[in-house]
Amino acid sequence: MLLFTRCNTTPKPVEEEVPPVTLPMKMLSMDNLNDFRSSGENWQLAGDALAGLEDESPLQPLEGRGVIVNVPTETAREHLFTKFEHGDIELEVEFLMPKNSNSGIYFQGRYEIQLFDSWNVKNPKHADCGGIYQRWDESKPDGEKGYEGHPPQVNASKAPGLWQNFRISFRAPRFDDSGNKTENARFESVYHNGFLIHENVELTGPTRSSAFEDEQPQGPLMIQGDHGPVAIRNIRYKTYTQDSLHLSGLQYAMYDGNWTTMPNLLGLEAIKTGTSDVLEASPDPDKKDHYALEYTGTLHVPVEGTYLFETHIDDGGELFIDDQLVVFNDGDPGWGLERGLIKLKAGAHPFKMTYFQDVWGATLEVYYEGPGISRKALAAVKRKSVSGNRPAPLMIDSLTAPEMIRSFAEYGDGPTKTHVISVGDPAGVHYTYNLHNGALLKVWRGTFADVTGMWVNRGGSQLLRPGNAALETTDGPQVAKLENAEAPWPDSLSTAFKYEGYEVNSDERPVFLYTYEGVSFADLTQPTKDGLFTTRIITATTKNPVSNLWFRIAKANKIDVLGDGTYRIGGQYYLSLSNEEAAIVREGKELLIPIASAENISTIQYTLIW
Amino acid sequence: MMNIKYKINALVLLASIILLSSSNTYSQWGSGDQENKFYQIEKVKIPESIILEVGGIAFNENGVPAVCTRRGEIWLIENPTSETPTFKRFAHGLHEPLGLAYKDGAYYCTQRGELTKLTDNNGDGVADSYKTIYSWPLAANYHEYSYGPVFLPDGDMLLTLNLGWIGRGASLSKWRGWMIKVSPEGEMTPIATGMRSPAGHTLNAQGDVFYTENQGDWVGSGRMTHVESGDFVGNPEGLKWSGEEGSPLSLKFEDIVDTLGYSLYEYAKVVPEIKPPSVWFPHGLMGISTSGILIMDDDRFGPFKDQMLIGDQGHSTIMRVFQEKVKGTYQGICFPFREGFSSGVLRLAWGPDKSVYVGMTSRGWSSTGQDMYGLERLVWNKKTPFEIKAVRAMPDGFELEFTQPVDSKKGGDPASYEINDFTYKYHHFYGSPVTDLQSRQVFDVELSSDNRKARLYISGLRTGYINEIKAAGVTNNKGETLLHNFGYYTLNNIPDGEARTMDHSAHVASEGTLTKSAKRVSEMPASWVNGPDQVVTLTVQAGLKFDLSEVEVKAGSKIRFVLDNPDDMLHNALIVKPGTIDAVAQAAMELGLKGQELGYVPDSDDVLYHTGLLQPDSKDVIYFVAPEIPGDYPYVCTFPGHAITMRGVMKVK
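Predicted, not measured: the structure shown is a model, and the values here were computed from it.

*Asks:* For this particular structure, what's the right way to read the overall build of chain B?
*Replies:* For chain B, the count of helices and strands is five helices and 44 strands. A burial count over chain B gives 63% of its 653 residues as buried. Look at the contacts in chain B between residues 6 or more apart in sequence, and 64% of them connect residues 24 or more apart. Working note: accessible area of chain B is about 24400 Å², and carbon and sulfur atoms make up 50% of it.

*Asks:* Quick question: what am I supposed to make of unusual backbone geometry here?
*Replies:* Generally, phi is negative for residues other than glycine and the peptide bonds are trans, each holding for most cases. Asp314 of chain A connects to Asp315 of chain A through a cis peptide bond whose omega is 15 degrees. Along the chain, the position of Asp315 of chain A falls in the loop between β20 (305–314) and β21 (316–321). Cis geometry is found at the peptide bond from Gly148 of chain B to Pro149 of chain B, where omega equals -5 degrees. Note that Pro149 of chain B resides in strand β10 (residues 146–151). Located in the positive-phi region is Ala379 of chain A, a residue other than glycine, with phi close to 45 degrees. Take Ala379 of chain A: it is sitting in the loop between β26 (373–377) and β27 (395–396). Located in the positive-phi region is Asp306 of chain B, a residue other than glycine, with phi close to 70 degrees. Tracing the backbone through its elements, the reader meets Asp306 of chain B in the loop between β20 (290–295) and β21 (308–312).

*Asks:* Could you clarify how one ought to interpret the packing of aromatic side chains in this entry?
*Replies:* The way to describe two aromatic rings as a pair is by their centre distance and the angle between their planes. All names here are of chain B. Taken as a whole, this structure holds 49 aromatic pairs over all chains when the rule is applied. Considering the side-chain rings of Phe59 and Tyr357, the 5.0 Å spacing of their centres and the 75 degrees angle between planes classify their relative orientation as edge-to-face. Taken as a pair, Phe59 in strand β2 (residues 54–59) and Tyr357 in strand β25 (residues 356–361) lie far apart in primary sequence, 298 residues in all. Assessed through its relative accessible area of 16%, Phe59 is described here as buried. Residue classification places Tyr357 among the buried residues on the basis of a relative accessible area of 2%. Chaining the aromatic ring pairs together yields one cluster made of Tyr39, Phe301, Phe304, Phe337, Trp350 and Trp380.

*Asks:* Can you walk me through the side chain of Asn420 of chain B in this structure?
*Replies:* Residues and elements named next belong to chain B. Mapping Asn420 onto the fold places it in strand β29 (residues 418–424). Overall, the relative accessible area of 10% leaves Asn420 in the buried class. There is a polar contact of 2.9 Å between the side chain of Asn420 and the side chain of Glu418. Those residues in contact with Asn420, other than ones at most four positions away along the chain, are Leu437, Gln438, Ser439, Arg440, Ile466, Asn467 and Glu468.

*Asks:* For this particular structure, what's the right way to read the environment of Lys145 of chain A?
*Replies:* All names here are of chain A. Examined against the element boundaries, Lys145 turns out to sit in the loop between β8 (135–136) and β9 (146–147). On a C-alpha basis, the gap between Lys145 and Gln134 in space is 9.5 Å, while along the polypeptide they are eleven residues apart. With near-sequence residues (within four places) excluded, Lys145 lies in contact with Arg135, Trp136, Asp137, Glu138 and Lys140. Reaching out from Lys145, the side chain makes a polar contact with the backbone oxygen of Glu138 at a distance of 3.1 Å. In this structure the side chain of Lys145 is engaged in a polar contact, spanning 3.1 Å, whose partner is the backbone oxygen of Lys140.

*Asks:* Would you take a moment to explain the pattern of salt bridges for this structure?
*Replies:* A side chain with one charge can pair with a side chain of the opposite charge if their charged atoms come near. Under the criterion given, the structure shown has 67 salt bridges over all chains. Put simply, Arg509 of chain A and Asp425 of chain A hold a salt bridge, and the shortest N to O gap is 2.8 Å. On the criterion of sequence distance, the pair formed by Arg509 of chain A in the loop between β36 (497–504) and β37 (510–516) and Asp425 of chain A in the loop between β29 (417–424) and β30 (429–434) is long-range, its members being 84 residues apart. Pair check on accessibility: Arg509 of chain A and Asp425 of chain A agree, each one buried. Of the charged contacts, one joins Glu73 of chain B and Arg89 of chain B as a salt bridge, the two residues approaching to 2.9 Å between their closest N and O atoms.

*Asks:* Got a minute to help me understand the side chain of Ser289 of chain B in this structure?
*Replies:* Structurally, the position occupied by Ser289 of chain B is in the loop between β19 (279–281) and β20. Discounting residues that sit within four places of it in the chain, Ser289 of chain B has contacts with Asn214, Gly311, Asp312, Gln313 and Gly314 of chain B.

*Asks:* What exactly am I supposed to notice about the nonpolar core here?
*Replies:* Membership of the largest hydrophobic core comes to 65 residues, with the highest contact counts inside it found for Phe521, Ile553 and Leu575 of chain A together with Ile74 and Leu118 of chain B. Leave out the neighbours within four places in its chain, and Leu575 of chain A touches Ile553, Ala554, Gly565, Thr566, Tyr567, Ile569, Leu591, Tyr606, Thr607 and Leu608 of chain A.

*Asks:* Just to check I follow, could you spell out the domain arrangement of chain B for this structure?
*Replies:* Accessible area lost upon the coming together of the parts serves often as the stated size of an interface. Residue and element names in this part refer to chain B. Looking at the assigned domains, one finds that chain B contains domain 1 (1–30 + 513–653), domain 2 (31–380) and domain 3 (388–491). Where domain 1 abuts domain 3, roughly 820 Å² becomes buried across the two surfaces, and 67% of that area is made up of carbon and sulfur atoms. At the boundary of domain 1 and domain 3, one finds zero salt bridges. Scanning the region where domain 1 abuts domain 3 turns up zero residue pairs in polar contact (both at pLDDT 80 or more).

*Asks:* How do you make sense of helix α5 (residues 581–589) of chain B when you look at a structure like this?
*Replies:* Turn by turn, an α-helix covers 3.6 residues, leaving residues three or four places apart pointing in a common direction. All names here are of chain B. For α5, the complete set of buried residues consists of Ile581, Val584, Ala585, Ala588 and Met589. Buried residues in α5, looked at end-on, bunch into an arc of 140 degrees, giving them a common side. Among the structural elements, β40 (574–576), β41 (607–610), β43 (631–636) and β44 (647–652) are those in contact with the buried residues of α5.

*Asks:* Is there a simple way to explain the environment of Val561 of chain A in this structure?
*Replies:* Residue and element names in this part refer to chain A. Its place among the elements puts Val561 in strand β41 (residues 559–563). Assessed through its relative accessible area of 56%, Val561 is described here as exposed. Val561 sits 27 residues away from Gly588 along the chain, and the two C-alpha atoms are 8.5 Å apart.

*Asks:* What exactly am I supposed to notice about empty space enclosed by the protein here?
*Replies:* It is the rolling of a water-molecule-sized probe over the atoms that shows where space remains empty. Residues and elements named next belong to chain B. Scanning the model with the defined rule gives six cavities of 30 Å³ or more in all. Considered as a void within the structure, the largest cavity measures approximately 600 Å³ in volume. Looking at the largest cavity, it is lined by 36 residues, and the ones nearest its centre are Ser197, Asn214, Ser289, Gln313 and Trp365. For the lining of the largest cavity, the class distribution of residues is 13 nonpolar, 17 polar and six charged. Both domains that furnish three or more residues to the lining of the largest cavity are identified here as domain 1 (1–30 + 513–653) and domain 2 (31–380).

About the thresholds
- Residues numbered from 1 in each chain as written.
- Chains lettered and ligands numbered in written order.
- Predicted model: local features only at pLDDT ≥ 70, side-chain atom pairs only at ≥ 80, totals over all residues.
- Heavy atoms only, no water.
- Helix = DSSP H or I, 4+ residues; strand = E, 2+ residues; numbered from the N terminus.
- Buried < 20%, exposed > 50% of the residue type's maximum accessible area, 1.4 Å probe, protein only.
- Contact = heavy atoms within 4.5 Å.
- Areas by Shrake-Rupley, 256 points an atom, 1.4 Å probe, with all protein chains shown as cover.
- Phe/Tyr/Trp six-rings, centres within 6.5 Å; stacked < 30°, edge-to-face > 60°.
- Polar contact = N/O pair within 3.5 Å; in protein donor to acceptor, adjacent residues only side chain to side chain.
- Salt bridge = Lys/Arg side-chain N within 4 Å of Asp/Glu carboxyl O.
- Core = buried A, V, L, I, M, F, W, Y, C linked by side-chain atoms within 4.5 Å.
- Domains from an automatic or database assignment.
- Buried area = accessible area lost by both parts, 1.4 Å probe.
- Arc of directions from axis to C-beta.
- 1 Å grid on protein atoms, 1.4 Å probe; cavity = no way out; pocket = protein on both sides within 12 Å on 5 of 7 lines; lining within 4 Å.
- Points joined across faces, edges and corners; volume = space filled by probe spheres on them.
- Nonpolar A, V, L, I, M, F, W, Y, C, P; charged D, E, K, R; others polar.

Now the structure itself:
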């Protein structure tokens with residue numbers, strides 16, 4: 001998307017590499033406990049952790065570094081506090097709960113997001129995983145001591161022994177100069193395994209078992225250590241002050257001309273000049289096409305550091321600070337989004353924004369993020385979108401029979417997938433399948449689908465979103481011919497693969513059909529009998545024996561072989577494979593199984609447990 | 001016991017309800033009541049739980065209709081004309097299919113990304129096989145709609161692929177903007193390109209293919225074009241793929257030069273691949289978003305054998321088209337036919353009882369008919385209306401054929417007729433104003449011996465121009481006027497033959513211009529030294545609405561009024577005197593061909609202030625002083641078809 005290769009008179013921008021989408025998060029070291037205050041012996045270091053599904057299964061730390069593990073005992077049961085203190089913070093953290101365990105993350109050591117084994121809990125309470133724990137008033141009568149607990153909107157919990165994650169945006173309480181609280185603390189958003197479970201929840205005070213009785217602008221992050229074992233890794237965060245950038249003395253000059261790339265405005269005579277307090281694409285409502293603008297002003301930077309700028313421009317423009325080109329938006333084919341980084345010292349800096357409009361849409365928006373400064377818009381025009389307020393969500397749930405919906409779908413960080421089908425089941429276990437290559441993409445439990453993006457107004461996104469936290473499984477070609485068991489798995493689909501469509505069986509479920517060089521496949525995914533998990537059955541039929549034909553069941557950065565045909569894939573889910581004797585795990589990252597060479601019909605069957 | 005005050009209020013309420021319902025007869029041409037005397041609209045009763053946003057209609061061999069919907073379902077409807085039809089869901093999960101066909105026991109539908117064959121193999125009434133015949137890439141852009149399939153006699157199928165939208169139409173993935181042919185085995189052959197929003201296509205009895213196009217970028221107005229392999233029909237985006245294997249044309253995107261001042265017809269003389277339309281539907285007068293085509297194979301629907309019915313999604317209407325071939329090229333005339341459908345007309349299909357099934361949807365686009373979706377039937381009561389049956393080009397004018405004999409005096413008087421001709425510009429802009437409008441003189445009229453035909457002798461005809469043919473003065477011999485007295489004939493060619501000429505032609509150039517009017521002040525008056533007292537901003541919302549249904553201003557205050565149009569259609573805002581909103585909207589509609597050029601602002605004292613007519617993604621700012629007299633001053637968008645929902649009130653206090 002970024003085109004720094006444009007060869008014209010414009011100087012190259014400051015940074016050569018592709019700028020990030022957001023400024024990097026800070027990471028706590030997981031190789032040692034140096035980022036934490038001294039802790040009890042219950043806190044240890046590990047490389048990974050496992051935990052079984054049965055009652056009494058312990059948390060099993062594995063050798064290595066990168067994970068901190070809590071195994072409390074009678075004598076060692078201390079909490080873990082970070083050395084850093086925070087006010088507003090954006091936090092990402094991964095955690096792994098053994099069966100029946102209990103812990104918590106206390107923001108500022110005071111406000112708890114509960115960590116709990118809530119696997120398969122139907123109606124989560126505040127004390128379930130992801131809940132905002134209740135407050136406690138000891139002086140009240142029994143049964144009324146606990147108050148203001150917030151259960152998660154859905155239970156997005158996974159099975160014991162699987163890595164889960166939170167992404168939390170916390171806003172600290174505000175105080176006046178005399179130290180009186182003027183605003184309550186808030187959890188602005190909490191995502192559990194990628195699904196929103198809390199939005200804008202206000203906290204009137206510290207929750208139960210807070211490490212402090214009072215409230216303060218700053219406080220350390222705390223992980224509860226006295227209730228049960230837990231493994232934690234990948235703690236990333238960004239803390240924010242209340243600083244922002246601002247522009248003063250903003251003026252603009254407008255030029256007339258017919259351009260399709262950013263022109264050189266040097267020497268041209270302005271047809272109009274003016275002052276403005278916003279950066280906008282159309283300061284003159286009568287001039288809609290064929291013009292350029294140059295905004296100049298002073299940018300006031302509160303604190304030194306690296307700033308990330310993001311421009312949304314139609315047709316094109318350049319952002320200069322201190323006469324350096326920070327963001328170059330080239331105007332092809334119309335609307336474009338570009339970013340740029342620049343290191344700035346505190347104080348006033350000359351600011352210049354050039355812009356040109358060819359025809360049609362005209363957009364000029366600048367966003368920024370800075371050191372301890374959350375993402376904001378710079379000198380933006382207040383504007384309502386065409387759709388006005390967010391439409392009420394349109395959900396599909398409470399199915400009485402399997403329901404299929406083709407749509408677009410998101411998957412990982414990659415481009416939108418356009419030929420996918422989602423199948424909802426009355427059992428409450430659902431999946432999304434890639435019709436392009438026959439890959440199972442996602443599975444989830446709970447509400448079937450959010451189709452707001454499909455059937456409200458024009459359905460601008462055409463996205464079907466899972467109705468709960470979805471587990472993403474492995475995309476990519478399912479079947480390949482490998483010269484030998486070590487040959488690399490192809491990235492792209494072979495021309496030998498042909499997707500044919502699907503048939504609906506007597507259970508009203510689709511069976512996907514594809515062929516690969518004379519072998520016919522029938523691919524069925526359905527809930528397990530208990531309605532909790534998903535089983536995939538692939539039947540391969542061939543007239544003639546085939547050799548060297550393999551099926552890739554999973555690919556991940558780590559596959560743990562747990563025995564009896566059970567694997568833990570990427571730490572994210574368990575996979576139970578039938579007839580696993582012929583399956584191989586390659587370099588701990590790929591699980592492959594050969595498609596039986598001697599028989600006419602062979603079956604691959606596996607169950608996903610999460 | 002009702003007191004008098006309550007009684008009066010009840011009367012007022014009743015009166016306003018009646019007024020509201022009469023404005024809900026979805027009038028476009030105002031001829032609905034008259035049309036109803038010959039063609040009645042009957043609703044197919046749809047259960048409330050079924051969101052029947054019709055994308056396609058097909059009948060099986062038993063005459064049972066199947067409807068595919070934008071929500072991906074196929075419904076079979078038994079006893080559709082009864083009070084309680086039976087709806088059975090045959091299939092579901094399809095991705096916004098916008099076309100359905102039935103052949104040899106199987107259904108075929110075009111989804112966004114795939115042509116699919118659906119069969120019920122075990123006979124339980126539900127599809128159990130969804131076979132992928134052919135699929136194509138998508139760019140995850142919602143505007144990439146796909147239409148069809150239409151079966152060719154040899155069993156192959158024709159599909160058309162809409163462009164994506166990125167603030168303008170764009171061909172974001174392979175073959176968008178093309179008509180393609182697919183065999184039942186999934187072999188694909190690209191046929192033609194230049195399409196933008198090809199919502200309807202069909203074959204006539206001769207096997208010639210026609211498709212309908214919607215006004216937009218590069219497309220001056222709605223139109224229909226005869227498509228042949230290798231044609232380029234106007235929007236250059238699809239040319240991006242002309243170099244792909246199988247493409248029948250080598251014309252490149254860079255070969256098309258923008259804004260030369262040509263019409264598409266004129267540019268076709270320079271670029272031979274261009275196929276100009278056979279029939280134009282002037283925007284706002286003959287619909288605003290042309291859709292499905294239905295051929296009348298015989299006289300089942302009136303004396304209109306071989307003519308076509310064409311739907312319009314935005315105006316909820318059906319138009320009628322007569323075509324002929326002159327010098328080997330199709331050209332013809334469109335007439336109004338029926339207005340008043342309950343939602344946006346997308347698909348037309350013949351029922352076994354020879355009624356026309358009308359499939360409708362308006363989600364995301366709004367339409368004159370206010371329902372979100374619907375299925376209606378248009379039924380002919382066998383009474384023949386008094387209409388212009390056909391218009392044929394002559395070497396020196398036009399010959400009008402009527403469905404009934406005309407009165408000799410009225411029919412033979414040139415003053416009963418009016419001809420104007422005009423064209424549209426071919427450029428990248430969204431739509432085109434009516435261009436080079438002139439009036440043509442009818443210098444003589446000759447009636448046939450049975451008074452069923454009137455030959456008009458006209459001077460100065462221009463090929464490539466669209467002729468507005470009005471016969472307002474014509475009556476039949478019972479003194480009745482025509483049900484519809486106008487049509488638009490696209491004169492691609494003038495036939496050879498002996499031509500009578502006038503001694504001198506009286507050209508009357510009458511072009512409207514949008515003068516800078518006192519009602520649209522774009523610069524802040526210099527006397528406003530402290531700026532405006534108040535800024536009012538209206539933003540257009542998707543679905544033909546303003547974001548604010550009410551604004552409040554102080555009487556006599558200085559107002560800076562901003563109209564923001566982030567939508568992808570043309571809009572304006574007029575502020576009018578209290579109680580005049582419908583009269584002004586009607587007057588704007590009646591501006592006819594001049595409407596667009598005048599920004600749809602009628603010359604009326606009822607109009608107090610107005611913005612310009614805004615292109616998509618643009619805004620306008622005007623300055624005015626709010627009225628001194630408090631009251632409710634309505635504001636409205638007068639672009640044809642928008643006024644019913646795009647309105648609000650400026651409360652002056």
